[in-house]
Each structure stands twice: as structure tokens, then as C-alpha cells.
Amino acid sequence: MRIATALIVAGAVSLLASSAAWSQTAGAKSAAAPQAATAPIPAPAPPTAKAACANPNALGIGRTVEIDTTGGPGFGFEHFKQLDFLRDHEVVLTFDDGPWPVNTPSVLKTLADECTTGIFFPIGKHATYHPEILKQVAAAGHTIGAHTWSHANLSNKKLNEDQRKEEIEKGFSAVKWALGAAPSPFFRFPALQHPPEMVTYLGSRNIAIFSCDLDSFDFKASKPQTVIDTVMRKVDKLGKGIILMHDFQKHTAEALPELLHRLKAGGFKVVKMIAKSPVQTLPQYDEEILKDSKLPTVSSRPVSSVVQTISE
């Protein structure tokens with residue numbers, strides 16, 4: 001993601017490092033993990049000037065933090081307790097299961113109207129169905145990770161280890177194909193099911209894992225107001241958190257304008273999370289999604305060392 005030229009590193013966020021802990025769990029299997037491509041990671045695009053917000057009452061972005069994903073740190077107190085980097089009344093907006101027609105563009109419009117941002121965890125297959133929508137997500141400046149190739153539950157005992165790894169890697173490769181560039185090394189497990197061996201594997205691949213602090217359960221909601229009420233009740237109780245929603249869901253897209261207004265009225269600020277460097281996909285999976293899906297070729301730590309404030 002692009003960072004404004006005027007933004008400078010303002011200081012390190014004060015929290016306990018977990019990269020060392022993840023590195024310990026990953027160490028035993030790292031030798032057997034697939035090797036990343038030997039080609040160097042392309043240099044990031046030069047920063048551009050930040051566009052002015054046309055809405056004087058917008059929710060906006062409170063600050064930006066940069067994540068060093070070395071060792072595969074985990075975020076979200078639902079599963080991971082080490083990295084509590086959010087301050088009081090700060091939230092991270094996250095969206096799973098896109099990109100999808102109508103609903104994802106509606107979510108993007110609302111975020112743009114409020115001059116704010118989120119992390120999108122697209123399904124690999126959906127990315128190949130609607131690459132033009134995922135490109136819109138990137139063009140709007142949002143952070144993009146991955147959410148497996150087919151939304152398979154990786155705790156399913158019918159899947160062997162190679163199949164689980166394939167779900168992860170093909171998901172990233174599909175998103176890379178859709179965008180024409182590698183996404184962030186941010187991953188969320190379907191159904192928030194975290195098999196330990198896959199947590200270890202992601203650590204060996206230096207991919208951060210996202211759980212959540214509060215789940216909107218929007219996929220169960222029968223109307224938009226239910227989404228709003230669920231999120232606000234939980235965030236008011238917790239005082240902050242990583243919010244899990246789905247841009248795939250119609251009711252979420254419909255609820256989002258009022259939800260963001262409620263967050264603003266409640267004094268909440270959005271934190272934008274970006275990665276220090278993009279994920280390095282594995283060539284065999286890049287080739288596999290082209291072959292299997294018949295897709296055209298697209299051209300293309302102390303805590304302070306894990307999470308760093310970029311802007312306030």
C-alpha cells in the first residue's frame with residue numbers, strides 16, 4: 001500500500017514481541033518448508049501524495065501501523081494474546097470472502113465516503129472470478145491479504161498437510177494474479193480454525209495470522225440493523241478491537257454506512273495496518289493456478305520491530 005510522502009515514522013508501538021515465539025514454533029519444520037522464489041522482491045512503488053478527504057465529518061484514519069511479519073505474528077485476541085497494539089477506542093476493520101459483485105463495490109464506496117480503510121481477505125477463487133473488483137480494492141488504498149483458495153476448513157481431517165498448504169499458497173497466488181502484484185503477507189483461516197501445524201507453517205513463511213477481537217456474525221444476520229447492533233454492543237464492551245466482517249454479505253454492505261457513523265459518534269478511530277514487505281509467493285503455485293483455472297498470464301522482535309506507527 002502507498003504511504004503519503006509526508007508520513008514519517010512517529011515511534012514504536014509499546015507491546016510485547018511475539019515474533020520470537022512464532023519463530024520457535026516454526027523452527028522445527030522450517031527446513032522442510034517450501035523455499036520461496038529466488039527472485040528478489042520488487043521494490044515498493046514510490047509514495048504519492050495523500051488525497052484530501054472531501055467529507056469534513058468523515059471517520060477517517062487515526063493512524064497507520066507497519067507490520068514486520070517475520071516469524072508469522074498473530075493478531076486478534078480471539079486466538080492470539082501477545083500483540084495488543086491497539087489503543088483505547090481504536091478499531092481495525094476487516095472484510096472476508098470477497099471480491100464479489102455489488103456487495104464489495106458497495107463496501108468500497110462507504111469506506112471512500114468516510115475516508116477510511118480496511119483489510120480485505122479475499123478467497124482465491126473469487127479473486128480469479130472478479131479480478132477487476134479486487135483491483136478496485138487495491139486502487140482505493142486498502143490492505144489485501146488472503147483467505148485460502150476455496151475457503152476450505154483447514155482443520156478438516158480429510159485434508160492432508162500438502163492439501164492444506166496448497167489451499168494457503170494457491171490463495172496467495174490467485175490474489176497475486178488478480179492484482180498483478182503480490183499482496184500483503186496477511187492471512188486469515190476460514191472459520192477461524194487454526195490447526196497448529198499450519199500456524200507453524202505460516203510462521204516459516206513469514207506470514208502474519210489474523211483472528212479477530214470481535215466477530216460481527218454478519219453471515220447469520222437477517223437484516224442490516226442486526227450487524228450494527230452486534231458490532232456496537234461488542235466494541236462498546238471491549239473498548240477497541242479487530243472487527244471481523246464480510247464484504248461478500250449483502251447485509252454488511254447495507255449496514256456499513258450507519259455502522260461507521262456509530263463508530264465515529266462513539267469516539268472510535270480506525271487503524272490502518274500495512275505490511276513491511278509483500279508476500280513472496282511460490283512459483284509452483286503461481287503456475288498451478290494458471291494451469292488449473294486456465295487464467296491468462298498477467299504482467300506484472302521486540303514489539304517495536306513487529307508493529308511500528310507510521311502516521312498519527
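Going by the structure above, here's the rest.
Worth saying up front: this structure is predicted, and the values here are computed from it rather than measured.

Undergrad: How should the packing of helix H4 (residues 131–139) against helix H5 (residues 161–179) be read in this particular structure?
TA: Two quantities define a packed helix pair, namely the angle between the axes and the distance from one axis to the other. Close contact between H4 and H5 brings their axes to 8 Å; oriented N to C, the two are set at 80°. Considering their axes alone, H4 and H5 lie roughly perpendicular with respect to each other. Packed against H4, whose contacting residues are Pro131, Leu134, Lys135 and Ala138, the element H5 presents Val175, Trp177, Ala178 and Leu179 at the interface. Per-class residue counts for the contact of H4 with H5 are seven nonpolar, no polar and one charged.

Undergrad: Is there a simple way to think about the packing of aromatic side chains in this case?
TA: Describing an aromatic ring pair means giving the distance of the ring centres and the angle of the ring planes. One pass over the full model with this rule turns up nine aromatic pairs. Relative to Phe248, the ring of Trp100 has its centre 5.0 Å away and its plane inclined at 55°; by these criteria the two rings are tilted. In this pair, Trp100 sits in the loop between strand S4 (90–96) and helix H2 (103–113) while Phe248 sits in the loop between strand S10 (241–246) and helix H8 (250–265), placing the two residues 148 residues apart along the sequence. Classification of Phe248 as partly exposed rests on a relative accessible area of 27%. Ring plane angle 50° and centroid distance 5.4 Å describe the contact between Phe121 and Phe210, whose orientation is recorded as tilted. On the criterion of sequence distance, the pair formed by Phe121 in strand S5 (residues 119–121) and Phe210 in strand S8 (residues 208–210) is long-range, its members being 89 residues apart. In terms of burial, Phe121 and Phe210 fall into one category: buried.

Undergrad: Got a minute to help me understand the state of the cysteines in this structure?
TA: In a disulfide, the sulfur atoms of two cysteines are covalently bonded to one another. Taken as a whole and judged by the stated rule, the model has one disulfide. Across a sulfur-sulfur distance of 1.9 Å, Cys53 and Cys115 are joined as a disulfide pair. Because the torsion about its S-S bond is 85°, the bridge between Cys53 and Cys115 counts as right-handed. On the criterion of sequence distance, the pair formed by Cys53 in the loop between helix H1 (19–30) and strand S2 (63–67) and Cys115 in the loop between H2 and S5 is long-range, its members being 62 residues apart.

Undergrad: Explanation requested: the side chain of Ser184 in the structure shown.
TA: Turning to its location among the elements, Ser184 is positioned in the loop between H5 and strand S7 (186–187). Taking relative accessible area as the criterion, Ser184 reaches 9% and is therefore assigned buried. In this structure, Ser184 is in contact with Thr143, Ile144, Gly145, Phe172, Ala275 and Val279, ignoring residues within four places of it in sequence.

Undergrad: Could you clarify how one ought to interpret the pairing of S2 in this entry?
TA: A regular strand carries its side chains on alternate faces of the sheet. The buried count for S2 comes to five of five residues, which makes it a mostly enclosed element. The alternating pattern of S2 places Arg63, Val65 and Ile67 on one face and Thr64 and Glu66 on the opposite face, and all of these are buried. In this structure, S2 lies alongside strand S11 (residues 269–275), joined through five bridges in parallel fashion. Along S11, the bridge assignment pairs Thr64 with Lys272.

Conventions we followed
Residues numbered from 1 in each chain as written. Predicted model: local features only at pLDDT ≥ 70, side-chain atom pairs only at ≥ 80, totals over all residues. Heavy atoms only, no water. Axes fitted to C-alpha atoms, helices over the stretch in contact; angles between N-to-C directions. Helix = DSSP H or I, 4+ residues; strand = E, 2+ residues; numbered from the N terminus. Parallel < 35°, antiparallel > 145°, perpendicular 65-115°, else oblique. Contact = heavy atoms within 4.5 Å. Nonpolar A, V, L, I, M, F, W, Y, C, P; charged D, E, K, R; others polar. Phe/Tyr/Trp six-rings, centres within 6.5 Å; stacked < 30°, edge-to-face > 60°. Buried < 20%, exposed > 50% of the residue type's maximum accessible area, 1.4 Å probe, protein only. Disulfide = S-S within 2.5 Å. Pairing = 2+ DSSP bridges.

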